[in-house]
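Okay, here's what each chain looks like letter by letter:
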Amino acid sequence: MTTIDVPASRNYQVIVGKGLLSQTGSRILPFCKGNTAAIVSDETVWGLYGGTLEASLKAAGLTVIHYTFPAGEASKNGENYLKILNFLAENKLTRSDALVALGGGVTGDLTGFVAATYLRGIAYVQIPTSLLSMVDSSVGGKTAIDLSAGKNLAGAFYQPSLVLCDMDALSTLPQEIFRDGCGEIIKYGVLYDKVLFDKLLAEGFSFDREAVIARCVELKRNVVAEDEFDTGARQKLNLGHTIGHGIEAQSHFTISHGEAVATGMAIVARAGEKAGITSGDTVDAIHEILEKFGFPLTTGYSAQQLFTSALSDKKRSGGTVNLVVPREIGDCILLPTPVGQLQSFIEAGLA
Ligand code: GLY
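Small disclaimer: the values here were computed from a predicted structure and weren't measured.

Asker: Describe the overall build of the protein, listing the residues and the values that go with them.
Answerer: When helices and strands are tallied, the protein shows 13 helices and 12 strands. For a compact globule of 351 residues, the expected C-alpha radius of gyration is about 20 Å, and the protein comes in at 20 Å, within 12% of that figure. Considering only C-alpha atoms, the protein reaches an extent of 60 × 40 × 35 Å along its principal axes. Long-range pairs, those at least 24 residues apart, make up 74% of the contacts in the protein between residues at least 6 apart in sequence. For the protein, the accessible surface area stands at approximately 13,600 Å², while carbon and sulfur atoms represent 52% of it. With 29 positive and 37 negative side-chain charges, the protein shows a separation of 5 Å between the mean positions of the two kinds.

So, in structure tokens, the structure goes:
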């Protein structure tokens, strides 16, 4: 078991290990003085793990209520958000009670935004059940819902009180969803850690899950400690995302986030090589690792299609998009790119 301390506007611990779900009750007590825990989960995850979590909370003497919604990104909307707020109000939750987000990124983002706004803020605990949410969305306090104009357009920075990454939850994760999370793990290697990158390249899918997840959480902790509110260093976590979001959007989300980001990394690395930023060895290494994990190295969408989607990227600031470009494995830069040059940059990476 590994415990990682996150220093932020609220300090908290991320615990990575086995058997954590059934220990939630005792671990949550310091954050739930009011005695009621409200679990939010999707119907699939609730069916798998709701019983164990509920039993653990009850064994610790807590009153437990739960709210479930249909699994999938479509549930991360304003209607569901208001329904959860009303559910909490009808059940008279107070500021000394706590929410528990049990599930993947959709559940964590939605519950976090409810927690940030219910009674102007209530404690919440993240129990991520997908690889992607363990290494990314459950840590760092980005909470959000989608609007009809785009993903994550309403939200708040609001840190959890505790994050429990239970390795046992990964046992029911379908292989393609596990692979999706691997795209984000590879991203951490390219951004910050050549040792991690080389380990993933050597071991492929058989990497030591607990050790690798704990390392990714440590890397994310370092970023959040430096730039909680995403004004600088945290933007590097966007590696592969500007182009990746374009691929996802153009495919009407039939291409998964992790796969799109992985392909986005390859495109930005090739464009970076043509711009004299990325070494040829780095491009080769990125190609090799993506092939090992079965990710496509390019996309059939045109530079113009990807450019159009990139314009709605949240990282755009005025007439500039901050692209993240690798120099070497473990060393990436933020490259402010004028919108007028973005399409030709993407074009260079497609070839
Ligand atoms: N998912 C990127 C971030 O937390 O900043």
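Asker: So, the sheet that holds strand E2 (residues 12-17): which residues are in play, and what are the values?
Answerer: Pairing is mixed across the open sheet formed by 7 strands, whose spatial order is E1-E2-E9-E6-E5-E3-E4. This sheet does not close on itself; its edge strands, each paired only once, are strand E1 (2-6) and strand E4 (63-69). Across the sheet, the axes of successive neighbouring strands diverge by a mean angle of 15 degrees, strand direction being ignored. Pairing of strand E5 (residues 98-103) with strand E6 (residues 123-128), which is carried by 6 bridges, proceeds in the parallel orientation. Opposite Leu99, over in E6, you have Tyr124 as the bridge partner. Strand contacts of helix H3 (residues 78-90): strand E3 (36-42), E4 and E5, with the helix running at about 160 degrees to E4, the strand carrying the most contacts. Sheet strands touched by helix H8 (residues 209-226): E1 and E2. Its angle to E1, the strand with the most contacts, is close to 10 degrees.

Asker: I'd like a description of a negative patch on the surface, backed by residues and values.
Answerer: A contiguous patch of negative charge on the surface is contributed by Glu273, Asp281, Asp284, Glu288, Glu291 and Glu328. No other element matches helix H11 (residues 280-292), which puts 4 residues into the negative patch. Residue position: Glu288 is located in helix H11.

Asker: Can you tell me about the packing of helix H9 (residues 241-250) against helix H10 (residues 257-274), naming the residues and giving the values?
Answerer: Their axes nearest at 7 Å, the elements H9 and H10 cross at an angle of 130 degrees. As far as their axial angle goes, H10 and H9 are oblique. For the pair H9 and H10, the sense of crossing is right-handed. On the side of H9, the interface is formed by His241, Ile243, Gly244, His245, Ile247 and Glu248, while H10 contributes His257, Ala260, Val261, Thr263, Gly264, Ile267 and Val268.

Asker: Go over the side chain of Ser133 with me, naming the residues and quoting the values.
Answerer: Relative to the helices and strands, Ser133 resides in helix H5 (residues 131-137). If we ignore the near neighbours within four places in the chain, the residues touching Ser133 are Gly103, Gly104, Gly105, Pro128 and Ser138.

Asker: Just give me the short version of the pairing of strand E7 (residues 142-147), but keep the residues and values in it.
Answerer: Along any regular strand, the residues point their side chains to alternate faces of the sheet. By the bridge criterion, 5 bridges tie E7 to strand E8 (residues 150-157) in an arrangement that is antiparallel. Paired with Lys142 across the bridge in E8 is Phe157. Joining the antiparallel neighbours E7 and E8 is a turn of 2 residues.

Asker: Please set out the state of the cysteines residue by residue, giving values where relevant.
Answerer: One covalent bond between the sulfur atoms of two cysteine residues makes up a disulfide. Using the criterion set out here, one finds 0 disulfides in the structure. Free cysteine: Cys216, not disulfide-bonded; nearest cysteine sulfur from Cys182 at 9.7 Å. For Cys216, a relative accessible area of 0% gives the class buried.

Asker: If you had to explain the packing of aromatic side chains to someone new, which residues and values would you point to?
Answerer: Applying the stated criterion across every chain, the model contains 6 aromatic pairs. Look at Tyr124 and Tyr158: their rings are 5.9 Å apart centre to centre, the planes differ by 10 degrees, and that puts the pair in the stacked class. Pair noted here: Tyr124 is in strand E6 and Tyr158 is in the loop between E8 and strand E9 (162-166), with a separation of 34 residues, a long-range link. In this structure, Tyr124 and Tyr158 share a single accessibility class: buried. Both rings, one in Phe178 and one in Phe207, keep their centres 5.9 Å apart while their planes meet at 15 degrees; by these two values the pair is stacked. One end of the pair, Phe178, is in helix H6 (residues 175-192); the other, Phe207, is in the loop between helix H7 (194-203) and H8, with 29 residues separating them in the sequence. Directly above the aromatic system of Tyr158 lies the positively charged group of Arg10, at a separation of 4.9 Å from the ring centroid.

Asker: Lay out the site of the ligand with the relevant residues and their values.
Answerer: Taken together, Asp136, Lys142, Lys220, Arg234 and Leu237 form the complete shell of residues around the ligand. At 2.9 Å from a nitrogen atom of the ligand is found a side-chain nitrogen or oxygen belonging to Asp136. Here an oxygen atom of the ligand sits 2.7 Å away from a polar atom, N or O, in the side chain of Arg234. For the ligand, whose unbound accessible area comes to 190 Å², protein coverage reaches 83%. Taken together, the residues of the shell around the ligand sort by class into 1 nonpolar, no polar and 4 charged.

Rules of the game
- Residues numbered from 1 in each chain as written.
- Predicted model: local features only at pLDDT ≥ 70, side-chain atom pairs only at ≥ 80, totals over all residues.
- Heavy atoms only, no water.
- Helix = DSSP H or I, 4+ residues; strand = E, 2+ residues; numbered from the N terminus.
- Rg over C-alpha atoms; globule rule 2.2 N^0.38 Å.
- Contact = heavy atoms within 4.5 Å.
- Areas by Shrake-Rupley, 256 points an atom, 1.4 Å probe, with all protein chains shown as cover.
- Lys, Arg positive; Asp, Glu negative; His and termini not counted.
- Charge placed at Lys NZ, Arg CZ, Asp CG, Glu CD.
- Pairing = 2+ DSSP bridges.
- Axes fitted to C-alpha atoms, helices over the stretch in contact; angles between N-to-C directions.
- Patch = residues over 30% accessible without salt bridge, like charges linked within 9 Å, V, L, I, M, F, W, Y side chains within 5 Å.
- Salt bridge = Lys/Arg side-chain N within 4 Å of Asp/Glu carboxyl O.
- Parallel < 35°, antiparallel > 145°, perpendicular 65-115°, else oblique.
- Left-handed = near helix turned anticlockwise from the far one by under 90°.
- Disulfide = S-S within 2.5 Å.
- Buried < 20%, exposed > 50% of the residue type's maximum accessible area, 1.4 Å probe, protein only.
- Phe/Tyr/Trp six-rings, centres within 6.5 Å; stacked < 30°, edge-to-face > 60°.
- Lys NZ or Arg CZ within 6 Å of the ring centre and 35° of its normal.
- Near = heavy atom within 4 Å.
- Polar contact = N/O pair within 3.5 Å; in protein donor to acceptor, adjacent residues only side chain to side chain.
- Nonpolar A, V, L, I, M, F, W, Y, C, P; charged D, E, K, R; others polar.

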